[in-house]
Amino acid sequence: MIGAMVISTPAAAQQVEGYWQGALTIGSTELSIGVAIERRADGTLAGTLDSPDQKAFDIPLSEVEAVDSTLTFAVPTIGASYTGEWDAAAGYWTGVFSQAGMQLPLNLAAGQPPERPAATERPTLPENWTIPSDTLISSMIADRLSERPGAEMIMGILQGAATRTVAGDGAEVDADTLFEIGSMTKVFTSLLLADMVLDGTVSLDDPVARYLPEGAPVPQRNGREITLRNLSQQDSGLPRLPDNLSPADVANPYADYTEQDLLAFLARYELPRDIGSQYEYSNLGAGLLGYALSRAAGTDFETLLRTRILEPLAMDDTTIALSPDQKARFATGHDEYMRPTSAWDLSVFVGAGGMRSTTADMLIFLKAALDPASPIAPAMTLSLAERREGPGFDAGLGWMIVPAPEGEVVGHGGGTGGFRSYMAMQPATDRAVVALTNSAVEPAAQDIALHTLIGAPVAKAGPVPEAPASVDRTEAQLTPDQLDRVAGVYHFAPNAALTITREGDQLFATITGQGALPIFPRAPLEFFWRAVNAEIVFSEEDGAITGATFTQDGASSALVKEK
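Conventions and cut-offs
Residues numbered from 1 in each chain as written. Predicted model: local features only at pLDDT ≥ 70, side-chain atom pairs only at ≥ 80, totals over all residues. Heavy atoms only, no water. Helix = DSSP H or I, 4+ residues; strand = E, 2+ residues; numbered from the N terminus. Rg over C-alpha atoms; globule rule 2.2 N^0.38 Å. Buried < 20%, exposed > 50% of the residue type's maximum accessible area, 1.4 Å probe, protein only. Areas by Shrake-Rupley, 256 points an atom, 1.4 Å probe, with all protein chains shown as cover. Lys, Arg positive; Asp, Glu negative; His and termini not counted. Charge placed at Lys NZ, Arg CZ, Asp CG, Glu CD. Expected span 1.5 Å × (residues − 1). Contact = heavy atoms within 4.5 Å. Pairing = 2+ DSSP bridges. Axes fitted to C-alpha atoms, helices over the stretch in contact; angles between N-to-C directions. Phe/Tyr/Trp six-rings, centres within 6.5 Å; stacked < 30°, edge-to-face > 60°.

*Asks:* So what exactly am I meant to see when it comes to the overall build of the protein chain here?
*Replies:* Assigned secondary structure in the protein chain consists of 12 helices and 31 strands. Relative to its length of 563 residues, the protein chain is compact, with a C-alpha radius of gyration of 24 Å against a globular reference of 24 Å. Counting only C-alpha atoms and orienting by the principal axes, one finds that the protein chain spans roughly 75 × 55 × 55 Å. Looking at the 563 residues of the protein chain, the share that counts as buried comes to 52%. For the protein chain, the exposed surface amounts to about 23900 Å²; the carbon and sulfur share of it is 50%. Each charge class in the protein chain can be summarised by its mean position, and for the 36 positive and 72 negative side chains these summaries are 2 Å apart.

Next comes the structure, spelled out in C-alpha cells:
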C-alpha cells in the first residue's frame, strides 16, 4: 500500500513522486488533503488520497498522469478528479478538484504524510458477536437522529426464520413506510442479469451492444467490447456519470436524462483504460445494464423486475412508480442540510437506483437471498460465485463482499438526494440487516447496520452542517450585445474551464467534462444557475471582461478569461 510507505518530499515538478498537501474550502469548512504518488516498476504512476479531517486515508487514485507541467488524477470511489499545473515560481501545483458538480481550487505543495491516529487503524471485529437488543438498537438510532429534526430511521433484523423491525422512540415510520433505496437497486438489476443468464435469455459475456438499438455505437478498446458482466462488476471503464447529464432541476437530477442522451454519450465516449482491467463504480454502467436487460426481455424495467423477482417473492410494496396508497406511506426525504427535498426519478438510469421499498419487503428479500430453496436462490448463487477484486472488497454481480470473523458479509448501500440505505447479510450465521433513513446527512445507515450485524464500530455524528445561502435569482432582461459581452472561456486551471456561449436569447455555461446548463442574468455582469445553487460575477478592466468569480454552495473560485 502506498500509504504505508515512507515517502520523500518531492523536489521539483519533474519529480511528481512524493507527498503533496493542500486544502479544500467548501462553504465555511476547510478540509486538508494529502496526495501520495509513486512510480511503479513499469514506469506508470499510482497514488492515494488522504483526508485527515474526515479520518479517511489511502483512498485509491486512478489515471495518475504527469505530462509536461500538468498533473491529473481521478478518485473513483468518491467520483472526483484533479487537474493541476506546476507553478515553478511558487513551487506547487495550482489546480482544481472536481466533485459532485463543484469545481474547488486546490493547490498542492510538497509535504509529509500526517500522523495516523489510532482510531483510523482497521478495527478488530469481535468473535461470536450477538445482535444487540431492540432497546440498544433503538438507542443507537435515537442518538444518530438527535440533531436531525425531521429525520427517521428504521432497521430490519433477520435471525434464522425470525424477523423484527426497530425504530427510535417516537418514530413516525414503521415496517410499511416506503423509502428510496437508491443504489441497492443495483443488486436487483444484477439478480435480473443472473436470472436471465440461467434461463438462456442472455449470457454474462454478451456484448451490451447486442441489446441496444441497431447501429448504436458503444465504446471499445483494444478490440474488446463491454459485456453485461463488465457492467455488473463495475469494470467496464465507463465513468461514474455521463458528461452530458445537464439536469433542469438538480433536486431531481436524472429525471430528464433520456435514452437518446445515453446513446449519444456512448457514441462519442473514449474509454480511458482497458475493459475489465480496473474496478470503478459507475452509476452510468448500472443504468446501462438495466436498460439493456429490459431491451433483451422486450419489456420495461419495472415489469421485468416485478415478473422475475418481486411477484415470486410477494414483495408487494417494492416498486418504482408509487400507487396512491404507497404515496401516502412514502417518507419525505431530507438533504445533507436537513431541508425537505423531492423524490428522484431515474428515467433511463432506473436500474442504477430507481427503486422504492419498505423494511418489511426488504426483510422478505434478505430472507429469500439466504434461503437455498427460494425462487431467487439460483440467481443468488451465480451472483456470489462470479467475483472480481475491488478496492477493499470482492465484487460479485451487484454485491460487495468483505471478510468477517464468523463468515463473509455480503452487502450494498444506497443514497439519493434525500435518503440513505444499507443492507447486509452473513450467510454463515443466517443473519441479515437492513437500515433505511430519510436523510442524506452522514454518517447515515451503513455503520449502524454493520454494527448490528457484526459489531463494526459506530461513527460519531456531529451537528447538521449549516446550509449555504441561496443565490439571488432575481432575473433581469439584457440585450444580445450585453449577453455576448460575457461569452468566452474562463479558466479555473489550464485544463479546467467554464465556457459561456449564447444560443438566441439564452446563455449556456459548460464546465470541462460536464454538460451545458443555462444561466440567467441578474445584472449586466451577474448571472445565476437555476439547476444548482451557483452564480458567476464577471470582472472588467478598462471596459473589457478579464475574469470572474464562480460561487457554488458558498465556495468561490476565481476564473481568468482566455485571451
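More follows now that the structure is in view.
*Asks:* Just checking my understanding: could you explain helix 5 (residues 283-297) for this structure?
*Replies:* Think of an α-helix as turning once every 3.6 residues; residues three or four places apart then point the same way. Compared with an ideal rise of 1.5 Å per residue, which puts 15 residues at 21 Å, helix 5 spans 21 Å between its outermost C-alpha atoms and is within 8% of the ideal. Of all the positions in helix 5, only Asn-283, Leu-284, Gly-285, Ala-286, Gly-287, Leu-288, Leu-289, Gly-290, Tyr-291, Ala-292, Leu-293 and Ser-294 are classed as buried. Against helix 2 (185-198), helix 3 (228-232), helix 4 (259-268), helix 6 (301-313) and helix 8 (350-353) lie the buried residues of helix 5. Phi for Gly-298, located one or two positions after helix 5, is positive at around 70 degrees.

*Asks:* Even after reading the chapter, I still don't get the sheet that holds strand 28 (residues 526-529), so can you show me in this structure?
*Replies:* The strands making up a sheet are joined through hydrogen bonds of the backbone, oriented either antiparallel or parallel. The sheet built from eight strands closes into a barrel, its strands ordered 24-25-26-27-28-29-30-31 with antiparallel pairing. Adjacent strand axes in the sheet meet at a mean angle of 30 degrees when their direction is disregarded.

*Asks:* Please explain the packing of aromatic side chains as it appears in this structure.
*Replies:* The tally for this structure, following the rule as stated, stands at 17 aromatic pairs. An angle of 75 degrees between the planes, with centres 5.8 Å apart, marks the rings of Trp-20 and Trp-93 as edge-to-face. You can see Trp-20 sitting in strand 1 (residues 18-26) and its partner Trp-93 sitting in strand 8 (residues 92-99), a full 73 residues away along the chain. The class of Trp-20 is buried, set by a relative accessible area of 1%. Between Tyr-257 and Phe-349, the ring centres sit 5.1 Å apart and the planes meet at 25 degrees, which makes this aromatic pair stacked.

*Asks:* What is the right way to read the environment of Arg-485 from this model?
*Replies:* When you line up the elements, Arg-485 lands in helix 12 (residues 480-486). On a C-alpha basis, the gap between Arg-485 and Leu-525 in space is 9.1 Å, while along the polypeptide they are 40 residues apart. Among residues more than four places away in sequence, those in contact with Arg-485 are Leu-525, Glu-540, Gly-543, Ala-544, Ile-545 and Lys-561.

*Asks:* How should I be thinking about the environment of Val-64 in this particular structure?
*Replies:* In this fold, Val-64 is placed in strand 5 (residues 62-67). Residue classification places Val-64 among the buried residues on the basis of a relative accessible area of 9%. Sequence separation between Val-64 and Glu-38 is 26 residues, and the spatial gap between their C-alpha atoms is 9.7 Å. Discounting residues that sit within four places of it in the chain, Val-64 has contacts with Ile-37, Leu-45, Ala-46, Gly-47, Thr-72 and Phe-73.

*Asks:* When you look at the sheet that holds strand 22 (residues 420-426) in this model, what are you seeing that I'm missing?
*Replies:* Taken together, eight strands build an open sheet; the order of strands is 11-10-23-22-21-20-19-18 and the sheet is antiparallel. The two strands at the open ends of the sheet, each matched to only one other strand, are strand 11 (162-167) and strand 18 (388-389). With two bridges joining them, strand 19 (residues 394-395) and strand 20 (residues 400-402) adopt antiparallel strand pairing. Considered in strand 20, the bridge of Ala-395 is made with Met-400.

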